[in-house]
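Here is what each chain is made of, one letter per residue.
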Amino acid sequence: MKSFFVRVLVNSGTRMTDKPFTYSLPPDLEKTVKRGSAVYVPFGRGNRKTPAMVLEVTDRVPDFPTKEVIRKIEELPDLPEEALAIAQFLVETTLSDWASALQSVLPPGAIGEFVPKIRSFYRLTEEGETASVSPRAHRQSKVMDYLRKEGEEEQVVLLKATGASSSTLKALLEKGWIEKADRRVARREVGFRGRDPMLPLTGDQKKVFDRIARERGTYLVCGVTGSGKTEVYLQLVDKVLREGKQAIVLVPEISLTPQTIARFEGRFGRRVAILHSRLSTSERYEEWEKIREGEVSIAIGARSAIFAPFENLGLIVIDEEHEGSYISEKNPKYHTYDIARFRTDYHGASLVLGTATPSVRTLYRVDQGEITRLDLPNRVGSRSMPKVQLVDMREELKANNRTMFSRPLYRAMDQALKEGNQVILFLNKRGHTSFVFCRSCGYVYRCDACDVAMTYHKGRKRLVCHYCGREKVLGKKCPNCGSTAIRDFGAGTEQLEEEVRRLFPEARVVRADADTMTRKGAYDRVYRDMLAGRIDILLGTQMIAKGFDFPRVTVVGVMAADISLNLPDIRANERTFQLITQVAGRAGRGDQPGQVFIQTYKSDHPAIVTAAQYDVDAFYQWEKKIRAMNHYPPFSRELHIRITSPDRAALLDKAYDLRAFIDSRLGRLEEGQVEGPTPCVIERMNRRYRFGIMVRSSKQEDLRGLGREILDAFPSTPKINIVLTMDPVSIF
């Protein structure tokens, strides 16, 4: 009798076991286990029951003894070939381990974590249809009358509508007049039924739509804010659906507003699944299950929705493609664009990138002919772009204005509020103050675990480290010299809120940042209140810079435009340009013209000047020269190695060993360069010291090969951890 064996990848979480292992397959599993099946296997010295993924089923007998597969994991569906191909692509291109790569394409949550939502429904029996209820049993009578009218109802709704109790239902069940059925229900209800009509396209929109609809490819839709990119997406999705195919639409997490969801559900109704982090694991699983079972044809979500298990994709859209949130900073460290390209090539589908502020990398790909650029240069409805005023805060200081508000911004806000309009204020720094120090001795309150000043949060009366989360109570005396001359310095959104309330005491003010948006539904409530006019001034960090479309916002204030220019990051100019342009685009989206005030101490900086002019190409040409001169991406590819340890001396020994290892192989890299080891911007974080080494080359595959060699030669230990990132978006 022929025996069968399987090669599996175990979910062990260590790189030493990140390779296939062979097990024998019991006869009773031969018909059900195949490539892509999840199984339990005995693993390690104690034969611990461990989940594993089958890569191959074979009848070749190995030349070594094998253990036997325990059982198939029936709770997990077999992975299709595309999912396995995506996992392999992640392993090969991101230097990820197999366990993390497979987790990306598996259903949300751990095995057995999903619990179906079960609800009880009641209806009348045949006997109940003709039953006569005693006049004294008025609650039973109400239940019977309600069910005669409605036919069937869920228990919670039935009890609320009739004022009855569970004992009332129990009595009717015992009489045989009603019957109960337990059924699984969806956790997320679809509020829109797909009745919204298609809108007529403008001439610019139609040119873009026709070009993408005509030929499969990868496109950049570069459109100013308010130019109608979403309507183009909607009509492209409609075309794909009419062809019997499916679509994925990705938006940044902070842009996934009720407005975005409403537009797609309003057009396509129940054919839409939603995937994002604000859903519970069970809610995400149910949405994933709808996709796998073919109940929906569209997935809308943040980064992870790129793995939605569609089998016949016709279109992938990545809206606001420049957003850093499309790059995963945890294993597997993938760029969403790369996965999207892989999937569109696999399915023969089109990929559409949309934004008002394309990333430098994307514009470089346009230059190289990898992407076709299509422009939407005008707002829909002939609305003009907001008028932008650069305010030099140095001149405000000379005029003895030491408040957070320039005089032009204050006057515009006052006028907007008097006219019943709304204001958005943007400051990309949360908390009350940047740091707290003693004026007597200069002592700065720093985190005990990180080399960084703590931020004062006045509302909570706490000093908070924004990197590890540790908190301290701010005392009245300096812990160094005992002085009471304690002062806070710098401004965050909390202090901005204080100042706004002082200057505009009658205004309804709401702050939206990571401190206020912690509860589920908080972001959605802000959106609804803003749209309904229950908020006069909305202020916050970058979570308000995009995704919102409020027709009554006529004034936008960028409070400290140059704050991000001071970061030690080669992308600081790019991020500053993008943030200013995006937040400026929130103004003037209705019938009234908008005004934008950009407050800065660097009013002549090219990133700020070009943002004020909405000039993407001028910024790109300037930034491209700087990048090319320094051999920075996109003119090179990068491999960043971060080494961390609680022991600084041991870390440095390992770091210099690693540098010597890289130097010995540098000749293999085309145009290879290496920098470091150097301390990270924050050298110590969460009680671990952090150093980095950056390797650059013109060939990405050269760096991947070097990365694999490093992972084999320098395995991480509990004391010294080594993390590799291809083309990092941040090296903080």
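Everything below is about the structure shown above.
Cut-off values and rules
Residues numbered from 1 in each chain as written. Predicted model: local features only at pLDDT ≥ 70, side-chain atom pairs only at ≥ 80, totals over all residues. Heavy atoms only, no water. Pairing = 2+ DSSP bridges. Helix = DSSP H or I, 4+ residues; strand = E, 2+ residues; numbered from the N terminus. Axes fitted to C-alpha atoms, helices over the stretch in contact; angles between N-to-C directions. Contact = heavy atoms within 4.5 Å. Polar contact = N/O pair within 3.5 Å; in protein donor to acceptor, adjacent residues only side chain to side chain. 1 Å grid on protein atoms, 1.4 Å probe; cavity = no way out; pocket = protein on both sides within 12 Å on 5 of 7 lines; lining within 4 Å. Points joined across faces, edges and corners; volume = space filled by probe spheres on them. Nonpolar A, V, L, I, M, F, W, Y, C, P; charged D, E, K, R; others polar. Phe/Tyr/Trp six-rings, centres within 6.5 Å; stacked < 30°, edge-to-face > 60°. Buried < 20%, exposed > 50% of the residue type's maximum accessible area, 1.4 Å probe, protein only.

(A) Layout of the sheet that holds strand E28 (residues 673-685). Read from one edge to the other, the open sheet built from four strands follows the order E28-E29-E27-E30, with strand pairing classed as antiparallel. What marks the edges here is a single partner per strand, and that holds for E28 and strand E30 (721-726). With strand direction ignored, the average angle separating the axes of adjacent strands in the sheet is 20°. Relative to strand E29 (residues 688-697), strand E27 (residues 637-645) runs antiparallel, the two sharing nine bridges. What sits directly across from threonine 644, in E29, is arginine 690.

(B) Representation of the environment of aspartate 18 within the structure. Residue placement: aspartate 18 occurs in the loop between strand E1 (4-10) and strand E2 (21-25). Between the alpha carbons of aspartate 18 and lysine 333 there is a distance of 17 Å; along the sequence they are 315 residues apart. Those residues within four positions of aspartate 18 in sequence are excluded, and the remaining contacts are Ser96, Asp97, Trp98 and Ala99. Separated by 2.8 Å, the side chain of aspartate 18 and the backbone nitrogen of tryptophan 98 make a polar contact.

(C) Spotlight on empty space enclosed by the protein. Under the counting rule described, the total for this entry stands at three cavities of 30 Å³ or more. Reported here for the largest cavity is a volume of approximately 130 Å³. If you trace the largest cavity, you find 15 residues lining it, with Thr93, His335, Asp338, Gln700 and Asp727 closest to the centre. Taken together, the elements giving at least two residues each to the lining of the largest cavity come down to helix H1 (81-94), helix H11 (336-347), helix H12 (360-367) and helix H21 (700-713). The leading source of residues in the lining of the largest cavity is H1, at three residues. For the lining of the largest cavity, the class distribution of residues is four nonpolar, four polar and seven charged. When its volume is computed, the second largest cavity comes out at roughly 70 Å³. In terms of lining residues, the second largest cavity is bounded by Phe426, Leu427, Asn428, Val558, Met559, Ala560, Ala561, Ile563, Ser564, Leu579 and Ile580.

(D) How the structure looks around the packing of aromatic side chains. Within the structure shown, the criterion is met by 13 aromatic pairs. Look at phenylalanine 577 and phenylalanine 619: their rings are 4.5 Å apart centre to centre, the planes differ by 5°, and that puts the pair in the stacked class. Taken together, the residues span a long stretch of sequence, with phenylalanine 577 in helix H17 (residues 572-584) and phenylalanine 619 in helix H19 (residues 616-630) at a distance of 42 residues. Assigned by exposure class, phenylalanine 577 and phenylalanine 619 land together as buried.

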